[in-house]
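Coordinate analysis (summary)
The primary structure of each chain is shown beneath.
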Amino acid sequence: MADDRNHRKPGVSLWKDTAHMEPCPRLAGVAGCDILIIGGGMAGVLLAEKLQKKGVRCIVADAFRIGQGVTGGTTAKITSQQGFLYQKLIRLQGKEQARRYLDAAEDAIREYETLASRIPCDFRRRSNVVYTLDDREKAEREMRALEQLGYPARFREKTELPFGVSGAVEFPDQASFHPLKMLFGVAGVLAEKNVSFYENTRIVHLKRWNDGGWEAVSQDGTILADQVVIASHFPFYNRQGFYYLKMHQSRTFLIAGRSHGMKLPESMYVDEEERGLTFREAEGLLLLGGYSERTGKAGSHHDCWKLLEQQAQEFYPGWKTVYQWAAQDCMTADGLPYVGPYGRKYNGLWVASGFHKWGMTGSMMAAAILAEEITGGEHPCSSMLRGGRHVPLLPVAANAGSAVQNLLRPAAPRCRHMRCALRWNLLERTWDCPCHGSRYDEKGRCLEGPSKNDLPL
């Protein structure tokens, strides 16, 4: 199939072009359920699948199309190796908690594999490798941390990459897949089991009843639910949680293409540096990504797709790009996601966010944790991922400083989330919020949250 794709498709990911789902209705009128899941990406749909198995009535509502947000732009790696995480996790949380997190991530891979046995999605076991260009000691520290946890990682000095590395850590038996084939397959099964999906249904107001339960209001309707899960990428409900201080959003640029005679890598690769390059084979093409930067960052006007193409031409002469797109990720202060009660106190509002570029693994982990907690159980990782946990103060202070600076900056238009001054993104022709990552197109239509409203342009 890849050999027939000869024309560049800017702004369209490989996944969106090769998997499709019939449209779902827009909410009109009043609907009711046990659990409303706001966000129809991988985390929301997997959670609905787990809750449905437990006999819980769910509704999934998405502001756009199911799976067309972050899930449609992912690199689609499923791995318990999330950068050089475990040396930091042992230092901050201890060996026991670090091992629990590692086990939960490995469980996520196995759960995907079980689903893939019923839903064709190009699932494939392969190694994941995190490399460093100039900090061998950091890679060696990660190996020592993994030895403490009893995990059989491998240290590598040579890789399949078209350049040398200082050191690399390999996790064997990880996985890749086609995320939208998986998502659409799961959603199709759930729809047959009376799980309701509503597209183009942006929840603009949440109201808590005094006697329990929630009222969620969209443009044309209302959903009444006993409990609500906000899995809409960046949490938009500002009355609890303070997520706008504890996270920022980052954009990563990706291309997929090929050159004559190129050898595709068997393993998946990612630089441990945030702006470094990521490599993986997908549908006969090489997916190359990198040049991550904070959404709305001042001066970020480089043509990152052009830079990626230049790198690809250097590595693989004769390179031809077939797809180019960008992905947006929520980055947390401590590198761990927020999964659990939305605020410090339980009131029937839950969150799944902050997957820090590891959203496919994090989505399955979040679904397992929330399905357990919502139905009265407790997951081994519940306490360490709660939204009310203590986080490093320096990133929080940096986020607060950025917000104040952009709140005071005299510019128009202003973001509809918290009134920060927007910046024009010349490369993607969007208005981007440097505070919390909301994005709008040229006509003012909201493309990314936490904003819930369009610009009055």
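On a predicted model such as this, the values are computed, not experimentally measured, just so you know. (Residues numbered from 1 in each chain as written. Predicted model: local features only at pLDDT ≥ 70, side-chain atom pairs only at ≥ 80, totals over all residues. Heavy atoms only, no water.)

To continue, consider the overall build of the protein chain. Scanning the protein chain from N- to C-terminus turns up 11 helices and 22 strands. The globule rule puts the C-alpha radius of gyration for 457 residues at 23 Å, and the 21 Å found for the protein chain is close to it. With respect to the principal axes defined by its C-alpha atoms, the protein chain has extents near 60 × 50 × 45 Å. Relative to its 457 residues, the protein chain shows a buried fraction of 61%. Excluding contacts between residues fewer than 6 apart, the proportion of contacts in the protein chain whose partners are at least 24 apart in sequence is 72%. A total of about 18700 Å² of accessible surface is found on the protein chain, and carbon and sulfur atoms cover 50% of it. (Helix = DSSP H or I, 4+ residues; strand = E, 2+ residues; numbered from the N terminus. Rg over C-alpha atoms; globule rule 2.2 N^0.38 Å. Buried < 20%, exposed > 50% of the residue type's maximum accessible area, 1.4 Å probe, protein only. Contact = heavy atoms within 4.5 Å. Areas by Shrake-Rupley, 256 points an atom, 1.4 Å probe, with all protein chains shown as cover.)

Quick look at the pairing of strand E16 (residues 320-332) now. In terms of burial, E16 is largely enclosed, as 12 of its 13 residues are buried. Relative to E16, strand E12 (residues 247-258) is paired through 12 bridges, and the arrangement is antiparallel. Each bridged residue has a counterpart across the sheet, and for Arg258 the counterpart in E16 is Lys320. (Pairing = 2+ DSSP bridges.)

On to helix H6 (residues 179-192), then. Between the first and last C-alpha of H6 there are 20 Å, a value that for 14 residues agrees with the 20 Å anticipated at 1.5 Å per step. Along H6, the residues classified as buried are Pro179, Leu180, Met182, Leu183, Phe184, Val186, Ala187 and Leu190. (Expected span 1.5 Å × (residues − 1).)

Strand order in the open sheet formed by 4 strands is E19-E20-E21-E22, with antiparallel pairing between adjacent strands. Edge positions in the open sheet fall to strand E19 (423-425) and strand E22 (446-448), since each of these has one partner strand only. Here E19 pairs with strand E20 (residues 430-432) via 3 bridges, running antiparallel. Paired with Trp424 across the two strands is Trp431, which belongs to E20.

Inside soluble globular proteins, nonpolar side chains tend to come together where they are buried. Ranked by internal contacts, the top residues of the largest apolar core, which has 88 residues, are Tyr112, Phe177 and Met182. Of the residues forming this core, the biggest block, 10 residues, is contributed by helix H4 (residues 95-116). Not counting chain neighbours up to four residues away, the residues in contact with Tyr112 comprise Met42, Leu46, Ile78, Phe123, Phe177, Met182, Met360, Ser363 and Met364. Formed by 29 residues, the second largest nonpolar core is a distinct cluster that contains Leu36, Trp214, Cys330 and Val351. (Core = buried A, V, L, I, M, F, W, Y, C linked by side-chain atoms within 4.5 Å.)

Quick look at the packing of aromatic side chains now. If you walk through the whole model with that rule in mind, you get 16 aromatic pairs. Taken together, a centroid distance of 6.3 Å and an interplanar angle of 45° make the contact between Phe279 and Phe315 tilted. Note that Phe279 is positioned in strand E14 (residues 278-282) and Phe315 in helix H8 (residues 304-315), a separation of 36 residues in sequence. Like Phe279, the residue Phe315 is buried in the burial classification. These aromatic residues form a ring-pair network of at least three members: Tyr131, Phe163, Phe279, Phe315, Tyr316 and Trp319. Taking the ring centre of Tyr243 as reference, the NZ or CZ of Lys246 above it sits at 4.8 Å. Positioned above the aromatic ring of Tyr338 is the side chain of Lys246, whose terminal nitrogen or guanidinium carbon lies 4.9 Å from the ring centre. (Phe/Tyr/Trp six-rings, centres within 6.5 Å; stacked < 30°, edge-to-face > 60°. Lys NZ or Arg CZ within 6 Å of the ring centre and 35° of its normal.)

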